[in-house]
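Structural overview
What follows is the residue order along each chain.
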Amino acid sequence: MKQISRVDFDEFHTPNYCPQNKVIVSGRGSYVIDQDENEYVDFAAGIAVNCLGHCHPELTKTIIKQSNKLWHTSNIFINEPVLELARQLTEATFAEKVFFANSGAEANEAALKTARRYACNQDSNKTEIIAFHKGFHGRTFFTVSVGGKPEYSDGFGPKPPGIKHLPFNDITAFETAISERTCAVILEPIQGEGGVVCATKEFLASIRSLCDRHNALLIFDEVQTGVGRTGSLYAYMQLGVVPDILTTAKGLGGGFPIGAMLTTDAIASALTVGTHASTFGGNPLAASVANTVLSIVNNTNFLTSVKEQSEKLFLGLNEINDRLDIFNDIRGMGLLVGAELVEGVSETAQDLIRYCFSNHILITAAGPRTLRFCPPLNILTRQSNTPNHAA
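Our subject in this report is the structure included herewith. (Residues numbered from 1 in each chain as written. Predicted model: local features only at pLDDT ≥ 70, side-chain atom pairs only at ≥ 80, totals over all residues. Heavy atoms only, no water.)

**A word on the overall build of the protein chain**
- Along its length, the protein chain carries 13 helices and 17 strands.
- Taken over C-alpha atoms, the radius of gyration comes to 21 Å for the protein chain, in line with the 21 Å a tight globule of 391 residues would show.
- By principal-axis analysis of the C-alpha atoms, the protein chain measures approximately 60 × 55 × 45 Å.
- The 391 residues of the protein chain split such that 52% are buried.
- Considering only contacts within the protein chain whose residues lie at least 6 apart along the sequence, 68% involve residues at least 24 apart. (Helix = DSSP H or I, 4+ residues; strand = E, 2+ residues; numbered from the N terminus. Rg over C-alpha atoms; globule rule 2.2 N^0.38 Å. Buried < 20%, exposed > 50% of the residue type's maximum accessible area, 1.4 Å probe, protein only. Contact = heavy atoms within 4.5 Å.)

**Observations concerning the sheet that holds strand β2 (residues 31-34)**
- An order of β1-β2-β3-β15 is seen for the four strands of this open sheet, with the pairing classed as mixed. Strands with a single pairing partner mark the edges of an open sheet, and in this sheet they are β1 (24-28) and β15 (361-362).
- Bridge count for β1 against β2 is four bridges, and the pairing is antiparallel. Within β2, the residue paired with Ser26 across the bridge is Ile33. (Pairing = 2+ DSSP bridges.)

**Points about helix α4 (residues 80-92)**
- Taking 1.5 Å per residue, 13 residues should reach 18 Å; α4 reaches 19 Å between its end C-alpha atoms and fits that length.
- Within α4 the residues assigned to the buried category are Pro81, Val82, Leu85, Ala86, Gln88 and Leu89. Each buried residue of α4 sits inside an arc of 160° when the element is viewed along its axis, so together they form one side. Exposed side of α4, more than 90 degrees from the buried face: Glu80, Leu83 and Glu91 are the residues found there.
- Two to three positions downstream of the cap, the backbone nitrogen of Val82 sits 3.0 Å from a side-chain oxygen, assigning the N-cap of α4 to Asn79. (Expected span 1.5 Å × (residues − 1). Arc of directions from axis to C-beta. Polar contact = N/O pair within 3.5 Å; in protein donor to acceptor, adjacent residues only side chain to side chain.)

**What about the side chain of Thr62?**
- Within the fold, Thr62 resides in helix α3 (residues 57-67).
- By relative accessible area, Thr62 is classed as buried at 16%.
- Leave out the neighbours within four places in its chain, and Thr62 touches Ser288, Val289 and Thr292.

**Some words on the environment of Asn378**
- Position of Asn378 among the secondary structure elements: in the segment after β17 (370-373).
- On the basis of relative accessible area, Asn378 is assigned to the buried category, the value being 6%.
- A polar contact of 3.5 Å, which involves the side chain of Asn378, links it to the backbone oxygen of Leu52.

**Describing the packing of α3 against helix α11 (residues 284-297)**
- At a minimum axis separation of 9 Å, α3 and α11 run at an interaxial angle of 150°. Our classification of the angle between α3 and α11 gives roughly antiparallel. The hand of the α3/α11 crossing is right-handed. Every residue of α11 that contacts α3 at Glu58, Leu59, Thr62, Ile63, Gln66 and Ser67 is listed here: Pro284, Leu285, Ser288, Val289, Thr292, Val293 and Ile296.
- By residue class, the composition of the contact of α3 with α11 is seven nonpolar, five polar and one charged. (Axes fitted to C-alpha atoms, helices over the stretch in contact; angles between N-to-C directions. Parallel < 35°, antiparallel > 145°, perpendicular 65-115°, else oblique. Left-handed = near helix turned anticlockwise from the far one by under 90°. Nonpolar A, V, L, I, M, F, W, Y, C, P; charged D, E, K, R; others polar.)

**Overview of helix α9 (residues 201-213)**
- Here α9 spans 18 Å end to end across 13 residues, near enough to the 18 Å set by a 1.5 Å rise per residue.
- Taken residue by residue, α9 has Phe203, Leu204, Ile207, Arg208, Leu210 and Cys211 as its buried positions.
- Its buried side turned inward, α9 meets β5 (128-132), α8 (171-177), β7 (182-187) and β10 (217-221).
- At the exit of α9 stands Asn215, carrying a positive phi of roughly 55°.

**Focus on the packing of aromatic side chains**
- What the rule picks out here adds up to nine aromatic pairs.
- Residues Tyr40 and Phe357 carry aromatic rings whose centres are separated by 4.9 Å and whose planes lie at 10° to one another, so their mutual orientation is stacked. Placement of Tyr40 in strand β3 (residues 39-42) and of Phe357 in helix α13 (residues 349-358) is noted, with a sequence separation of 317 residues between them. In this structure, Tyr40 and Phe357 share a single accessibility class: buried.
- Among the aromatic side chains, those forming a connected cluster through ring pairs are Phe132, Phe168, Phe174 and Phe203.
- The ring of Tyr152 carries Arg139 above its face, with NZ or CZ at 4.0 Å from the centroid. (Phe/Tyr/Trp six-rings, centres within 6.5 Å; stacked < 30°, edge-to-face > 60°. Lys NZ or Arg CZ within 6 Å of the ring centre and 35° of its normal.)

As structure tokens, then:
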């Protein structure tokens, strides 16, 4: 096999990525292997995507079985896997209806369009969306404009109007900002790209109460926190607040692209025939994989094990910090953990990511000074498809 490198990538790919100068060719459980047969422990999981690790035997079996049966039909027809997935999601959550897409960005796009449509059906002036600084909701132009990182949305011309950004966890600022013109509020229960910052229960309770008072919809972006990542199927289940709309992706397909928007019957009624669609949304191959993921993850013993492994991860990071005093804060829920570097450390998060990579550990960043740990949810359990290591 021809050895390829970053030079080959740069020759053919648009220059919007900056990958490591290694080519990953295979993976098993919580390990990946590069072209030079170097092995790495994966604490990144494709940025919280590979919730069951690489090439999980049950997911592999599902893909093979469904690929020999039906790949794609479009939404002109009904397929069995997507109906089963919708049933699983609605039975496990507050939701009564589901819209399927291919990614978190598309799920959030659907959520924002649904909220606007639902509000405008009642009052054409009710169009304002409230979001939060450092939030991240995808890379479509609508979702990246709603996201609270101007560096991601600047430079593409005029942005969609009617979007207001507020400081995260600031109840007073939110009380001042929300009005009868607000149609929706969108937030991540834990800001992933924003530094793994958890919303406080008091903040969420205030938002829920004020949304109800002003007839505004509350959207929880659980693209990163969902599907067992925090130790419950969705983070809202531990926070005492139920959203009106929830978006999910990443871990839902265990590595296979799929996204979904979950909501109630009343809100879903705004999406009449032709108002929104997705060619590949509800794809039977993706839905089959997601069904298997949910059947494994949405299990009391599995979710308990996520919390147990979370305690071990926090303990290990705190022990490192006791010795080296490099983290200002270690925070998160479940197996979504951020370790923020102290100001006195000269290295950036990217410096430490490269250092870890050279020592065969994969991690990611959540901002310039926060390391993000989001390993497979079964990282410390043993799997039969990993012959030489614990999964």
